[in-house]
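Overview (structure and organization)
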Amino acid sequence: MKAFSRYGVVVLSLLLVAGVSAQEDQAAGEPLVPALERTAAKFLSSVEGLTEEQWHFKPAPDRWSIAECAEHIAVSESFIRGVVEKMLDKPAEPVDAEARKDAVLMAMLVDRTSKFNAPDPLVPQERFESDEETVATFTRERGETIKLAKNASGLRDHAGTHPALGNVDAYGWLLIIAGHSERHTLQIEEIKQSEGYPAN
């Protein structure tokens, strides 16, 4: 496997835009665009420079490899963003304040003591021919998500039901994308700490 050095500039730029106070922001309800930029940088950093053996190592037969986590993150990006785009295609209407969950979404999503099964369309299926393709797909799709977050109007005027989180406005659904990628980036870091994880 080739190192992800070509993505180093992307990682650095995202970290600079996200800022050094991300943890403080998150505690108070991290703003959407910084959350998307910060979690993208965190994921890209987690997979940079991995060897083929590290990329495909599975801690157990029923556990995902880093390759599978990365594929899941990449394909989930457009899937969840599509949910938001469909919301925004509908007429705006008053959204109950209960749907605004900014302050708790990220904390709930990164809590890995709670486990969830991925829906069938998002289960890893070796969709990508290489690690580079996986990362390139994520980078492109996260760019589209950030563009939507910056340019869409009415994110607070549309909402949809999340199976685990209840009614969430479109702004919150985009935060879910950030939290989801961070959740599985934490999973990647857990894999690296697993017994038998290749040194190189």
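All residue numbers here refer to positions counted from 1 along the written sequence of the relevant chain. Predicted model: local features are reported for residues with pLDDT of at least 70 only, side-chain atom pairs are reported and counted for 80 or more only, and whole-chain, interface and lining totals are derived from all residues. Side-chain figures throughout are based on the complete set of non-hydrogen atoms in the structure, without hydrogens or water.

Another point: the nonpolar core. By nonpolar core is meant a set of buried Ala, Val, Leu, Ile, Met, Phe, Trp, Tyr and Cys residues that side-chain atoms within 4.5 Å join together. Burial classes: relative accessible area under 20% of the type maximum marks a residue as buried, over 50% as exposed, and values in between as partly exposed (1.4 Å probe, protein chains only). Core analysis: the largest hydrophobic core is formed by 24 residues, its most contacted members being Leu32, Leu36, Trp173, Leu174, Leu175 and Ile176. Once you skip the residues sitting within four places of it in the chain, Trp173 turns out to touch Ile80, Val83, Val84, Met87, Gly160, Thr161, His162 and Val168. In terms of nonpolar packing, the next biggest core, distinct from the first, is built from 21 residues, Val47, Trp55, Ala70 and Ile191 among them. The criterion used for residue contact is that any of the two residues' heavy atoms lie within 4.5 Å.

What follows concerns the environment of Glu144. Put simply, DSSP marks the helices as runs of H or I at least four residues long and the strands as runs of E at least two long, and each gets a number from the N terminus on. Within the element layout of this structure, Glu144 appears in helix H7 (residues 131-151). A sequence separation of 67 residues divides Glu144 from Glu77, and the C-alpha atoms of the two residues are 9.2 Å apart.

Two rings belonging to Phe, Tyr or Trp (six-membered ring only in the last case) form a pair when the distance between their centres is within 6.5 Å. Interplanar angles under 30 degrees mark stacking, angles over 60 mark edge-to-face geometry, and anything in between is tilted. Applying the stated criterion across every chain, the model contains two aromatic pairs. Centroid distance Phe43 to Phe138: 4.7 Å. Interplanar angle 65°. Geometry classified as edge-to-face. Of this pair, Phe43 sits in helix H3 (residues 32-47) while Phe138 sits in helix H7, and the two are 95 residues apart along the sequence. Comparing Phe43 with Phe138 shows no difference in burial state: the two are buried. A centroid spacing of 5.7 Å and a plane angle of 80° characterise the contact between Phe57 and Tyr197, whose relative ring orientation is edge-to-face. Here the residue Phe57 occupies a position in the loop between helix H4 (52-56) and helix H5 (66-89), and Tyr197 occupies one in the segment after helix H8 (170-192), the gap between them amounting to 140 residues.

Turning our eyes to something else, we now look at the pattern of salt bridges. What makes a salt bridge here is a side-chain nitrogen of Lys or Arg within 4 Å of a carboxyl oxygen of Asp or Glu, nothing more. Scanning all chains against the criterion turns up 14 salt bridges. Across the pair Lys58 and Glu68 runs a salt bridge whose closest N-O atoms are separated by 3.0 Å. Placement of Lys58 in the loop between H4 and H5 and of Glu68 in helix H5 is noted, with a sequence separation of 10 residues between them. Relative accessible area serves as the criterion here: at 34%, Lys58 is assigned to the partly exposed category. Notably, a salt bridge pairs Asp169 with Arg156, separated by 2.8 Å at the nearest N-O pair. Residue Asp169 is found in strand S2 (residues 166-169), and its partner Arg156 is found in the loop between H7 and strand S1 (159-162); the two are separated by 13 residues along the sequence. What makes Arg156 partly exposed here is its relative accessible area of 23%.

For the rest of this paragraph, the subject is unusual backbone geometry. One non-glycine residue, Glu126, lies in the positive phi region at around 55°. Following the sequence through the fold, Glu126 ends up in the loop between helix H6 (102-109) and H7.

Summarising the element assignment, Lys101 is placed in the loop between H5 and H6. The exposure class of Lys101 is buried, given its relative accessible area of 14%. For Lys101, the contacting residues outside a window of four places in its chain are Leu165, Gly166, Asn167 and Val168.

Turning our eyes to something else, we now look at the packing of H5 against H8. Lines fitted to C-alpha atoms define the axes, with helix axes restricted to the stretch in contact, and inter-axis angles between N-to-C directions lie between 0 and 180 degrees. In contact at an axis separation of 9 Å, H5 and H8 are set at 175° when each is read in the N-to-C sense. Judged by the angle between their axes, H5 and H8 are roughly antiparallel. On H8, the residues touching Ile66, Cys69, His72, Ile73, Ser76, Glu77, Ile80, Arg81, Val83, Val84, Met87 and Leu88 of H5 are Ala170, Trp173, Leu174, Ile177, His180, Ser181, His184, Thr185, Gln187, Ile188, Ile191 and Lys192. Three classes are used: nonpolar for Ala, Val, Leu, Ile, Met, Phe, Trp, Tyr, Cys and Pro, charged for Asp, Glu, Lys and Arg, and polar for all others, with Gly counted as polar. Its residues assigned to classes, the contact of H5 with H8 shows 14 nonpolar, seven polar and three charged. Any angle between 65 and 115 degrees counts as roughly perpendicular, while under 35 counts as roughly parallel, over 145 as roughly antiparallel, and the rest as oblique.

Our next topic: the packing of H6 against H8. Relative to each other, H6 and H8 sit at 25°, their axes nearing to 8 Å. One way to sum up the angle between H6 and H8 is to call them roughly parallel. Every pair of crossing elements has a handedness; the one defined by H6 and H8 is right-handed. On the side of H6, the interface is formed by Asp102, Leu105, Met106, Met108 and Leu109, while H8 contributes Tyr171, Gly172, Leu175, Ile176, Ala178, Gly179, His180, Glu182 and Arg183. When grouped by side-chain class, the residues that make up the contact of H6 with H8 number eight nonpolar, three polar and three charged. The crossing is said to be left-handed when, going from far helix to near helix, the turn is anticlockwise and less than a right angle, and right-handed when the turn is clockwise.

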